[in-house]
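What follows is the residue order along each chain.
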Amino acid sequence: MTELLPGAVQPVVRLRVPTDEDAYAWHRVFDDPEVMEFFQGGPAELSVYHEFTARQRRHDAEHGFCLWTLLDDDGEVIGFTGAQPWPHAWGPVGETEIGWRLARAAWGKGYATAAARATLERLRAAGVERVVAMVNTRNERSVAVARRLGMTQAETYAIPDSGGQEGYCFRLELQEC
């Protein structure tokens, strides 16, 4: 695993509200079993991403934040990062979840951490008081991102319909920082 050295320059990232066209880009970059390893069901059909990007546009209109499309310094879609209301009936119901998912080619380059930090700044500015990150306990890369953000592991939840897998719930108070 490639890690950025302390003091290393973070990559340039841009975040935008997902467009209709981003459904195609997300489908393309997430159509990889390695990328989807910790998400039940693996790679999804294109229709799932059309609904997903539409839902994120609604979140942005209603809350001022969403899971934004993540672009690298060349303007290429490499995934998403951002926040949304926790979307499930289990876990940290009622909380705001921060999350990230990147194309395999973007792993280990600091994009997830840089984009998540930009997300935290946007959420602070929007008055969000705290966030959670739900991370599969086996997903060492995302656990490391949560820790680099200063998040604290709080609870562990059983992930429904996952064959006994569990997820860590990390928390971060934003208005104290």
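None of these values were measured; they are calculated from a predicted model.

Each value, and the rule that gives it
- Residues numbered from 1 in each chain as written.
- Predicted model: local features only at pLDDT ≥ 70, side-chain atom pairs only at ≥ 80, totals over all residues.
- Heavy atoms only, no water.
- Helix = DSSP H or I, 4+ residues; strand = E, 2+ residues; numbered from the N terminus.
- Buried < 20%, exposed > 50% of the residue type's maximum accessible area, 1.4 Å probe, protein only.
- Contact = heavy atoms within 4.5 Å.
- Phe/Tyr/Trp six-rings, centres within 6.5 Å; stacked < 30°, edge-to-face > 60°.
- Lys NZ or Arg CZ within 6 Å of the ring centre and 35° of its normal.
- Core = buried A, V, L, I, M, F, W, Y, C linked by side-chain atoms within 4.5 Å.

Here's the deal with the overall build of the chain
Thinking step 1. Across its full length, the chain holds 4 helices and 7 strands.
Thinking step 2. When the elements of the chain are put in sequence order from the N terminus, they spell out β-α-α-β-β-β-α-β-α-β-β.
Thinking step 3. In terms of principal-axis extent, the alpha carbons of the chain reach across some 40 × 35 × 35 Å.
Thinking step 4. Residues counted as buried form 44% of the 177 residues belonging to the chain.
Thinking step 5. Counting only contacts in the chain whose residues sit at least 6 apart along the sequence, the fraction spanning at least 24 positions is 61%.

Examining unusual backbone geometry
Thinking step 1. A positive phi is found at D161, a non-glycine position, where the angle reads about 55 degrees.
Thinking step 2. Here D161 is to be found in the loop between β6 (152-158) and β7 (166-173).

Topic: the side chain of H59
Thinking step 1. On the secondary structure map, H59 appears in helix α2 (residues 46-63).
Thinking step 2. Once residues lying within four places of it in the same chain are set aside, the contact partners of H59 are G64, F65, C66, Q84 and P85.

Brief notes about the packing of aromatic side chains
Thinking step 1. Enumeration over the complete set of coordinates arrives at 9 aromatic pairs.
Thinking step 2. Seen from their ring centres, F30 and F80 are 5.5 Å apart, and the 85 degrees between their planes marks the pair as edge-to-face. One end of the pair, F30, is in helix α1 (residues 20-30); the other, F80, is in strand β3 (residues 77-85), with 50 residues separating them in the sequence.
Thinking step 3. F30 gets classed as buried once you look at its relative accessible area, which sits at 0%.
Thinking step 4. According to the relative accessible area criterion, F80 is buried, its value standing at 4%.
Thinking step 5. Among the aromatic residues, those joined into a cluster by ring pairs are W26, F30, Y49, F52 and F80.
Thinking step 6. Over the face of the ring belonging to F30 we find R101, whose NZ or CZ atom lies 5.0 Å from the ring centre.

Focus on the nonpolar core
Thinking step 1. The biggest cluster of nonpolar side chains holds 29 residues, and the ones touching the most others in it are I98, W100, V131 and M151.
Thinking step 2. Elements with a minimum of two residues in this core: β2 (67-71), β3, β4 (96-102), α3 (111-125), β5 (130-136), α4 (140-148) and β7.
Thinking step 3. Element by element, the count of residues in this core is highest for α3, at 6 residues.
Thinking step 4. W26, V29, F30 and A103 belong to the second-largest nonpolar core, a separate cluster that totals 14 residues.

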